[in-house]
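# Descriptive analysis of the structure
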Protein chains: 2
Amino acid sequence: MISRDDCARRDAADALAPLRDQFMLPEGVIYVDGNSLGALPRATPARVADAVRQEWGDGLIRSWNDAGWITLPQRVGDRIGALVGAKPGECVAADSTSVNLFKVLSAASRIVKADSSARRVIVSERQNFPTDLYIAEGLCRDLGWTLELLEPPALIERLSGGRGGDVAIMMLTQVNYRTGALHDMASMTALAHAAGALTVWDLAHSAGALPVDLNGAGADFAIGCGYKFLNGGPGAPAFVWAHPRHAGRFWQPLSGWMGHAAPFTFRPHYEPAAGIARFLCGTPAVLSLTALECGVDTLRAADALGGMAAIRDKSIALTELFVALVDERCAPIGFACASPRDARVRGSQVSLTHASADGASHGYAIMQALIARGVIGDFRAGTAADAHGPALPDILRFGFTPLYLRFVDVFDAVDHLVQVMQREEYREARFNKRSAVT
Amino acid sequence: MISRDDCARRDAADALAPLRDQFMLPEGVIYVDGNSLGALPRATPARVADAVRQEWGDGLIRSWNDAGWITLPQRVGDRIGALVGAKPGECVAADSTSVNLFKVLSAASRIVKADSSARRVIVSERQNFPTDLYIAEGLCRDLGWTLELLEPPALIERLSGGRGGDVAIMMLTQVNYRTGALHDMASMTALAHAAGALTVWDLAHSAGALPVDLNGAGADFAIGCGYKFLNGGPGAPAFVWAHPRHAGRFWQPLSGWMGHAAPFTFRPHYEPAAGIARFLCGTPAVLSLTALECGVDTLRAADALGGMAAIRDKSIALTELFVALVDERCAPIGFACASPRDARVRGSQVSLTHASADGASHGYAIMQALIARGVIGDFRAGTAADAHGPALPDILRFGFTPLYLRFVDVFDAVDHLVQVMQREEYREARFNKRSAVT
């Protein structure tokens, strides 16, 4: 039996423990949803207030130069880039993940069309995050291409043994948003390249959660999210990276003025900037980028304590503890681990399914009851079987952010889950009323 | 001779004068660049701080429901819509102006392609804001269409007398960013429609500056900027409107999850939401949208004082005063009005050219010297003659935001300009060093 004291001892020995003080976490809350929206860094309110009052209020238009607003996308992009194996100048922060995905898929499709006319398929995972699928679906429709959705083993099969000759792009999210399953970027990239396809990686659930090495893997394009493990705040701008071998080769359709070689010459014709800057489009969202910069800095505070490798070690320790506690205390009451049991192929989250004795699905209400107790995770509804694969179950998601979660938090979260079930709190009507965002 | 006392008397009689207190303007600054970046509303710092500390920090992921983040694009869109002649539910705030332009041009092109195959030309103004031209240029390249850039008289000619049979879309910015020239939206829309073309209006310099009536004009699509006369802060999200007859008809290529009919069902296939919501793409930038909401509210405070009509009346009075003072005091020292002299066809800005006795162009340095005196306008470099038309001169831009500018400010701004010239301050080396953003 794992005790709370065991967990407290682990916290006492945790070199990353002091980083928790960088965040403002509400009293009585155990936040296991940093994979959806990262918590507020302590430095952010003052930094954003300064951007509002001094930079905007006092500096007004002058702050484009004086406060360096004009280079914020590059500055924040470089800081994020250092976390995901990009070199300085290879990454910019801008727009949303969805918009950036459109840019890189468009750019990749242009490279494919220029190199070969036979490839007209984008392959991806059926359980990829839907916005990725929607953007790819729309682009395929416009290009007359096909989006093929496969389960991971079938995807590997599809790209092996000469069967990938028609595949233009492999588009994958490195860590699955439902299960937390982690792709090996290097081997999947090599597989795609051997098949002659380009790779587009979505790092939404991996940037800031585990070591990523885009250049080491030889990836082609990547995008990622600013508001999850980068703690950039609700709807923070996303980021976009292109391997230098591609960055200057084509331009993408969102050819706005901030991607122009000389935006302030106001010339009537578009000339793309050199390198990754051509993946910028409109005027940067300064306030949101400022908050994102703070969020990324909280991660960089771990540099002196072992950096992303140390964060990954603690992340694995937290998820392993959670899995062990679930096995011990929650398996007997119907919960099962829906995430990989092998930590090496799991991101920084663990998802659970629940099978109730009465046969009904109580997952949503269980999560609401947990949230009412201050344990904030989230619920993702299952989907029916379709042409691409079998039905997916309802899941309860628990994300583990090593910067601010303690081992005792993991213990307490499981303890609350056990109590919710023992007291049947999930049967209360208030927990069964669906909200707009579930 | 117009005296400063005359101006002070006009301020004393100005019904909108109290609105100035809604803004935090730095001591000693006369801000005539609200057409580039609106000033900071007094309510914004506290409102943004609340969104950061309470909504994000304390509410965490729960704020998507509890603080209504999920409907922010619609809520802010409706408030903006009320200023531009849109009905509730017709307008959303999201992404950047450039990205939104791509959406509406794409949607318009799909309508055209479905209706007729003969139309393959987008017509616009040569002096339209470059990002609009860049986005249209990129789209035309992908579609195999042509972007034709004309001066306004030639544009009218092009759409008249049966010569517009190949024109798919007329894309115009209602108020020209260089000269402040104002198009009559109703008559230009009627002209385009008579030629069988759709209309895309960029309201960047008109939303919040003058009455706009999208439905009254029967326009097809519109976009606009949140950080100019809407005072939404640096890089604030933009807005997008589609006439209800088009909104549900096609979807646009940026088919992200927030434009899905049911984003939180996480279905693998895209089904566009009904109406304007399908023009949303990724997760909304909550902090920036919150600041934008405050900015729009400062405009709505004028509702009780006559609303947009009263704002327009004061705007005209301010620009007329500026033109009169320039004629009186600056014409003799080389300045000329580069904006329409007829206030009915002029937006809320006046641009000046300067011809120096030594033949050199001192426009940039003159504006820097003015800024050093606290009179903040901006400079836009001219361009050489090209295939589309003659050379454009360097200009000094002065934007007039009726919410916070006084008649004495106009007097003082001109007085400073005269002093900069009399003392030849523009010759100082520090004013001749170009910055990143000019």
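Residues numbered from 1 in each chain as written. Chains lettered and ligands numbered in written order. Predicted model: local features only at pLDDT ≥ 70, side-chain atom pairs only at ≥ 80, totals over all residues. Heavy atoms only, no water.

## Brief notes about the overall build of chain A
Where we set the bar: Numbering of helices and strands runs from the N terminus; a helix is a DSSP stretch of H or I covering at least four residues, while a strand is a stretch of E covering at least two. Taken over C-alpha atoms, the radius of gyration is set against a globule rule of 2.2 Å times the number of residues to the power 0.38. Computed with a 1.4 Å probe, the accessible areas rest on the Shrake-Rupley method; for each residue, only the protein chains presented here act as cover.
Looking only at helices and strands, one finds 14 helices and 15 strands in chain A. For 438 residues, the compact-globule formula gives about 22 Å, and the C-alpha radius of gyration of chain A, at 22 Å, lands near that figure. Judged by the C-alpha coordinates and their principal axes, chain A covers about 70 × 60 × 40 Å. Carbon and sulfur atoms make up 54% of the accessible area of chain A, which amounts to about 14100 Å² in all.

## Overview of the pattern of salt bridges
Residues and elements named next belong to chain A. What counts is decided by this rule: By salt bridge we mean one thing: a side-chain nitrogen of Lys or Arg within 4 Å of a carboxyl oxygen of Asp or Glu. We call a residue buried when its accessible area falls under 20% of the maximum for its residue type, exposed when it is over 50%, and partly exposed in between, using a 1.4 Å probe and counting protein chains only.
All told, the structure shown has 60 salt bridges over all chains when counted by the stated rule. Two residues, Arg75 and Glu293, come together in a salt bridge whose shortest N-O distance is 3.2 Å. One end of the pair, Arg75, is in helix α4 (residues 72–81); the other, Glu293, is in helix α11 (residues 286–300), and 218 residues separate them in sequence. Residue classification places Glu293 among the buried positions, given a relative accessible area of 6%. A salt bridge links Asp415 to Arg329; its shortest N-O distance comes to 2.6 Å. In this pair, Asp415 is assigned in helix α14 (residues 407–422) and Arg329 in helix α12 (residues 307–330), connecting sequence segments 86 residues apart. Each of Arg75, Arg79, Glu293 and Asp297 takes part in salt bridges that share partners, so that together they form one network.

## Focus on the packing of aromatic side chains
So the rule is basically this: In summary, the pairing rule links any two rings of Phe, Tyr or Trp, Trp by its six-membered ring, whose centres are within 6.5 Å, and it sorts them by plane angle into stacked for under 30 degrees, edge-to-face for over 60 and tilted for everything else.
Under the criterion given, the structure shown has 33 aromatic pairs over all chains. On the basis of an interplanar angle of 75° and a centroid distance of 4.9 Å, the ring pair of A:Trp257 and B:Phe129 is categorised as edge-to-face. On the criterion of chain membership, the pair formed by A:Trp257 in the loop between α10 (244–247) and α11 and B:Phe129 in the loop between β3 (121–125) and α6 (130–143) is interchain, its members lying in two chains. Overall, the relative accessible area of 9% leaves A:Trp257 in the buried class. With relative accessibility at 16%, the residue B:Phe129 sits in the buried group. A connected cluster of aromatic rings, assembled from ring pairs, spans A:Phe129, A:Tyr177, B:Trp257, B:Phe264 and B:Phe266.

## A few points about the interface of chain B and chain A
Worth spelling out the cut-off: Contact criterion: two residues are considered in contact whenever any of their non-hydrogen atoms come within 4.5 Å of each other. What gets called buried area is simply the loss in accessible area from a 1.4 Å probe that two parts show on being joined, summed for both. Polar contacts here mean pairs of N or O atoms no more than 3.5 Å apart (in protein, one a potential hydrogen donor and the other a potential acceptor; neighbouring residues in sequence count only if both atoms are side-chain atoms). Just so you know the grouping, Ala, Val, Leu, Ile, Met, Phe, Trp, Tyr, Cys and Pro go in nonpolar, Asp, Glu, Lys and Arg go in charged, and all remaining residues, Gly too, go in polar.
Each partner contributes residues to the interface: chain B has 83 residues there, and chain A has 83 residues. Both faces considered, chain B and chain A share a buried interface measuring about 7300 Å² in area, 68% of it formed by carbon and sulfur atoms. Between A:Asp142 and B:Arg110 there is a salt bridge; the shortest N-O distance is 2.5 Å. Applying the counting rule to chain B against chain A returns 19 residue pairs in polar contact (both at pLDDT 80 or more). Elements that contribute at least two residues to the side of chain B that touches chain A include exactly α2 (44–58), α3 (63–66), α5 (97–115), α6 and α11 (286–300) of chain B. No other element matches the 9 residues that α6(B) contributes to the side of chain B that touches chain A. Across the side of chain B that touches chain A, the residue classes break down as 46 nonpolar, 25 polar and 12 charged.

## Digging into the relation of the copies chain B and chain A
To keep it simple, the criterion reads: Alignment of copies: least-squares fit on C-alpha atoms of residues with pLDDT of at least 70 in both copies.
Overlaying chain B with chain A gives an RMSD of 0.0 Å, the required rotation being 180° about an axis along which the chain moves by 0.0 Å. Put plainly, the chains are arranged around a two-fold axis. Taking C-alpha positions as reference, the residue of chain B nearest the rotation axis is B:Ser288, located at 3.0 Å. When you check the interface residues of chain B against chain A, 100% turn up at the interface there too, and the contact is symmetric in its surfaces.

## A short note on the sheet that holds strand β9 (residues 335–337) of chain B
Residues and elements named next belong to chain B. To be explicit about the condition: A pair of strands is labelled paired if DSSP reports no fewer than 2 bridges between them. Helix axes use the C-alpha atoms of the stretch in contact, all axes being lines fitted to C-alpha atoms, and the angles between their N-to-C directions lie in the range 0 to 180 degrees.
Taken together, 4 strands build an open sheet; the order of strands is β9-β10-β13-β12 and the sheet is antiparallel. Both edges of this open sheet fall to β9 and β12 (378–380), since each of them pairs with a single strand only. Going across the sheet, the axis of each strand differs from the next one's by a mean of 35°, ignoring polarity. Here β12 pairs with strand β13 (residues 395–399) via 3 bridges, running antiparallel.

## Some thoughts on the domain arrangement of chain A
Residues and elements named next belong to chain A. Put simply, the rule is: Those domain boundaries reflect an automatic or database domain assignment.
According to the domain assignment, chain A contains domain 1 (4–42 + 307–432) and domain 2 (68–300). Computed over C-alpha atoms, the centres of domain 1 and domain 2 are 29 Å apart. The partner domain 2 presents 29 residues to the 41 residues of domain 1 that form the contact. Here domain 1 and domain 2 share an interface that buries about 2600 Å² over both sides, 58% of which is from carbon and sulfur atoms. Among the residues domain 1 hides against domain 2, the three largest losses belong to Met308, His388 and Leu392. Together they make up 23% of the total. At the junction of domain 1 with domain 2, the criterion picks out 1 salt bridge. For the salt bridge of Asp386 with Arg126, the shortest nitrogen-to-oxygen distance reads 3.3 Å. Elements supplying a minimum of two residues to the side of domain 1 that touches domain 2: α12, β12 (349–354) and β15 (395–399).

## Details of the nonpolar core
Convention followed: Nonpolar core, defined: a set of buried Ala, Val, Leu, Ile, Met, Phe, Trp, Tyr and Cys residues in which side-chain atoms within 4.5 Å join the residues together.
A:Leu105, A:Leu203, B:Leu105 and B:Leu203 are the most contacted members of the largest nonpolar core, which has 316 residues in total. Those residues in contact with A:Leu105, other than ones at most four positions away along the chain, are A:Ile122, A:Ile135, A:Ala136, A:Leu139, A:Ile169, A:Met171 and A:Val200.

## A look at the environment of A:Asp409
Residues and elements named next belong to chain A. Mapped onto the elements of the fold, Asp409 is located in helix α14. Relative accessible area serves as the criterion here: at 4%, Asp409 is assigned to the buried category. Measuring from C-alpha to C-alpha, the distance between Asp409 and Asn35 comes to 16 Å, with 374 residues separating the pair along the chain. For Asp409, the side chain forms a polar contact with the side chain of Arg20, separated by 3.5 Å.

## Quick word on the packing of helix α2 (residues 44–58) of chain A against α11(A)
The angle between the axes and the distance between the axes are what describe a pair of packed helices. Residues and elements named next belong to chain A. Put simply, the rule is: The crossing is said to be left-handed when, going from far helix to near helix, the turn is anticlockwise and less than a right angle, and right-handed when the turn is clockwise.
One can describe the packing of α2 onto α11 by two numbers: an axis separation of 9 Å at closest approach and a directional angle of 145°. Crossing handedness for the pair α2 and α11: right-handed. Contacts between α2 and α11 involve Thr44, Arg47, Val48, Ala51, Val52 and Trp56 on the former and, on the latter, Leu287, Thr290, Ala291, Glu293 and Cys294. Across the contact of α2 with α11, the residue classes tally to 7 nonpolar, 2 polar and 2 charged.

## Thoughts on the side chain of B:Asp220
Residues and elements named next belong to chain B. Assignment of secondary structure puts Asp220 in the loop between α9 (214–217) and β7 (221–224). Given the relative accessible area of 1%, Asp220 is considered buried. A distance of 2.6 Å separates polar atoms of two side chains, one belonging to Asp220 and the other to His193. At 2.7 Å, the side chain of Asp220 forms a polar contact with the side chain of His246. Apart from the residues within four sequence positions on either side, Asp220 is in contact with His193, Leu198, Thr199, Trp241, Ala242, His243, Arg245 and His246.

## Re the sheet that holds strand β14 (residues 378–380) of chain A
Residue and element names in this part refer to chain A. Pairing within the open sheet is antiparallel, and its 4 strands lie in the order β11-β12-β15-β14. What marks the edges here is a single partner per strand, and that holds for β11 (335–337) and β14. Strand-to-strand twist across the sheet, computed as the mean angle between neighbouring axes with direction ignored, equals 35°. Pairing of β12 with β15 involves 4 bridges; the strand directions are antiparallel. Within the sheet, the bridge partner assigned to Val350 lies in β15 and is Phe398. α12 contacts β11, β12 and β15 of the sheet and is inclined by roughly 20° relative to β12.

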